Amino acid sequence: MRLQALDGWRGIACLLVAIHHLQVPHALYDQSWLRNGAPMLELFFLISGFVVSLVFADMAQTRRGAAAFILRVLGRLWPIHIVMLAALVVLGLGRSVFAQHGGFGEQMTVETLAAQVLLIQTLVGAGLSWNYPAWTLSAELVAYCLFAALMLATRTHAGRLIGASALALVAGAVFLSELGPRDDYNVISVARVVTGFFIGFLLRELWRGAQLRSSWLATPLEITAVFAVIWAMSARLDGAAYLLNYAIFGFTVLVFASDRGLISRLMMCGPMQWLGKVSFSVYMVHGVVTLYLAEAFWAAERFWGPGFTLWRASPGTGREQLFFSLGAGLADDILLVLYVILVLASAALVYRFVEEPTRAAAASLSKRIWRGGPHPGPAGAAPDARPGRTIGKALT
């Protein structure tokens, strides 16, 4: 099963996250919908729960199947994560040799490297160390394990709905307690990911019973969803109001999951589907690219003198933040375009040589474990390779 419009949404969301993290005062930087884009992660978590429960609920109902599912998830997440860590180790070594301010710095420490390798960084308070966007991988792995445990522990449809609801409510209560006064709008939280994942689980159940069938109805609903998403990102909802993001993005997932409206057709065009296909690589690569770019600006100041960095108040918080700049508005806008091109080109390479082959290998091994051997089981016993591609875009 391919949820093509949701693939397109993931591609757009990952690209916006990449632009959000570029600390350059380009023309889009101060736009409220970009600065307050943290809730776009809620879209990722909702889609993840929606797709994982749709594709792998049957697999995870036995101990062999649950083990196969976790192996498939790890085979999807861990290899690309390790490659990105290796790229940052190279950066740290380069700093040690060439940079006067050098070394690995506070963000990339030997102490946090072990947690990163083990994918437990968010659990031990080191989520933003090294490749900072990868904090979600650690938290989503917790959600996947809870999903597998839920599938194993319950034997009835009602029991699974009750269990998923309980997990969403408990995690949501913890997440709400974390939405109090804080310095950053974005919250690094396992509870946040678990909340979104199991709301997505419940949305899948709602969608299966009430799918959109009419294109005439789907199109106005899709337009409404798009405007609601723009409003949510511009409004900077916080505190208890932040939970409205689940309603807005949940509505978006339900509307676009049926691939019926005109905007869905746009999302299903070739470029959007390619962006969706490489979205996980975009997400994983862009943090590394921003750290290398920052090092390039520090090197420029070292060789050519001051003028490539500046301090200015950040929109939303008003706190002074460090920015990198080429010194002119147009030059910084060109830098944004070059950055996007570099991120997409790097993501294409990582997808081709890391993500795609390791995902395929993990999927193959997972199916063999589930079926108890190399031979196919009964017809319909396992999801085919196409759903595997969908889950690949729902892991972050």
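Look a little higher up for the structure.
None of these values were measured; they are calculated from a predicted model.

1. With respect to the overall build of the chain
Now for step 1: A tally of helices and strands in the chain yields 15 helices and 2 strands.
Now for step 2: Its C-alpha atoms give the chain principal-axis dimensions of roughly 70 × 45 × 40 Å.
Now for step 3: When the 396 residues of the chain are sorted by exposure, 53% land in the buried category.
Now for step 4: Partitioning the intrachain contacts of the chain with sequence separation of at least 6 by distance along the chain shows that 76% fall at a separation of at least 24.
Now for step 5: Only carbon and sulfur atoms are counted for the fraction: they give 68% of the accessible area of the chain, which is about 16800 Å².
Now for step 6: Between the mean site of the 30 positive side-chain charges and the mean site of the 22 negative ones, the chain shows a separation of 13 Å.

2. Observations concerning the pattern of salt bridges
Now for step 1: Applying the stated rule across the entire model yields 3 salt bridges.
Now for step 2: Residues Arg 192 and Glu 42 are paired through a salt bridge, measuring 2.7 Å at the closest nitrogen-oxygen approach. Within this pair, whereas Arg 192 is found in helix H8 (residues 190–209), its partner Glu 42 is found in helix H3 (residues 40–56), the two being separated by 150 residues in sequence. Neither residue differs from the other here; Arg 192 and Glu 42 are each classed as buried.
Now for step 3: Between Arg 76 and Glu 355 there is a salt bridge, with the nearest N and O atoms lying 2.5 Å from each other. Taken together, the residues Arg 76 in helix H4 (residues 63–98) and Glu 355 in helix H14 (residues 329–371) connect sequence positions 279 residues apart.

3. As for the environment of Ser 281
Now for step 1: Relative to the helices and strands, Ser 281 is located in helix H13 (residues 279–304).
Now for step 2: A C-alpha to C-alpha distance of 31 Å links Ser 281 and Ala 313, two positions 32 residues apart in sequence.
Now for step 3: Sequence-distant contacts of Ser 281, defined by excluding residues within four places in its chain, comprise Ile 80, Ala 347, Val 350, Tyr 351 and Glu 355.

4. Here we look at helix H1 (residues 4–20)
Now for step 1: An ideal rise of 1.5 Å per residue puts 24 Å on 17 residues; H1 measures up with 24 Å between its terminal C-alpha atoms.
Now for step 2: Most of H1 is tucked away: 13 of the 17 residues are buried.

5. A look at the packing of H1 against helix H10 (residues 244–256)
Now for step 1: The interhelical angle for the contact between H1 and H10, taken along N-to-C directions, is 140°, at an axis separation of 8 Å. The orientation of H1 with respect to H10, classified from their angle, is oblique. In contact with Ala 5, Leu 6 and Trp 9 of H1, H10 contributes Thr 252, Val 253 and Phe 256.
Now for step 2: Of the residues contributing to the contact of H1 with H10, the split by class is 5 nonpolar, 1 polar and no charged.

6. Let's talk about the environment of Arg 371
Now for step 1: Here Arg 371 lies in helix H14.
Now for step 2: Looking at Arg 371, the relative accessible area reads 35%, which means it is partly exposed.

7. Here's the deal with the packing of aromatic side chains
Now for step 1: The tally for this structure, following the rule as stated, stands at 18 aromatic pairs.
Now for step 2: Considering the side-chain rings of Phe 56 and Phe 69, the 5.5 Å spacing of their centres and the 45° angle between planes classify their relative orientation as tilted. Taken as a pair, Phe 56 in helix H3 and Phe 69 in helix H4 lie far apart in primary sequence, 13 residues in all.
Now for step 3: Assessed through its relative accessible area of 1%, Phe 69 is described here as buried.
Now for step 4: Where Phe 147 meets Phe 201, the ring centres are 6.2 Å apart and the plane angle is 65°; that geometry is what we call edge-to-face. Here the residue Phe 147 occupies a position in helix H6 (residues 135–153), and Phe 201 occupies one in helix H8, the gap between them amounting to 54 residues.

8. Some details on the packing of helix H12 (residues 270–277) against H14
Now for step 1: The N-to-C vectors of H12 and H14 enclose an angle of 60°; their axes lie 10 Å apart at closest approach. Judged on the interaxial angle alone, H14 and H12 are oblique. In contact with Trp 274, Leu 275 and Lys 277 of H12, H14 contributes Leu 344, Ala 348, Tyr 351 and Glu 355.
Now for step 2: Of the residues in the contact of H12 with H14, the class split is 5 nonpolar, no polar and 2 charged.

9. Section: H14
Now for step 1: Taking 1.5 Å of rise per residue, the 43 residues of H14 would be expected to cover 63 Å, and the 58 Å separating its terminal C-alpha atoms lies within 8% of that figure.
Now for step 2: At Tyr 351, H14 shows its maximal bend, which comes to roughly 50°.
Now for step 3: Directly after H14, the chain includes Gly 372, whose backbone phi takes a positive value near 85°.

10. Structural notes on the side chain of Ser 129
Now for step 1: Tracing the chain through its elements places Ser 129 in the loop between helix H5 (110–117) and H6.
Now for step 2: If near-sequence neighbours (up to four positions away) are discounted, Ser 129 is found in contact with Gln 107, Thr 112 and Gln 116.

What counts as what
Residues numbered from 1 in each chain as written. Predicted model: local features only at pLDDT ≥ 70, side-chain atom pairs only at ≥ 80, totals over all residues. Heavy atoms only, no water. Helix = DSSP H or I, 4+ residues; strand = E, 2+ residues; numbered from the N terminus. Buried < 20%, exposed > 50% of the residue type's maximum accessible area, 1.4 Å probe, protein only. Contact = heavy atoms within 4.5 Å. Areas by Shrake-Rupley, 256 points an atom, 1.4 Å probe, with all protein chains shown as cover. Lys, Arg positive; Asp, Glu negative; His and termini not counted. Charge placed at Lys NZ, Arg CZ, Asp CG, Glu CD. Salt bridge = Lys/Arg side-chain N within 4 Å of Asp/Glu carboxyl O. Expected span 1.5 Å × (residues − 1). Axes fitted to C-alpha atoms, helices over the stretch in contact; angles between N-to-C directions. Parallel < 35°, antiparallel > 145°, perpendicular 65-115°, else oblique. Nonpolar A, V, L, I, M, F, W, Y, C, P; charged D, E, K, R; others polar. Phe/Tyr/Trp six-rings, centres within 6.5 Å; stacked < 30°, edge-to-face > 60°. Bend = angle between axes of the 7 residues up to and from the residue.

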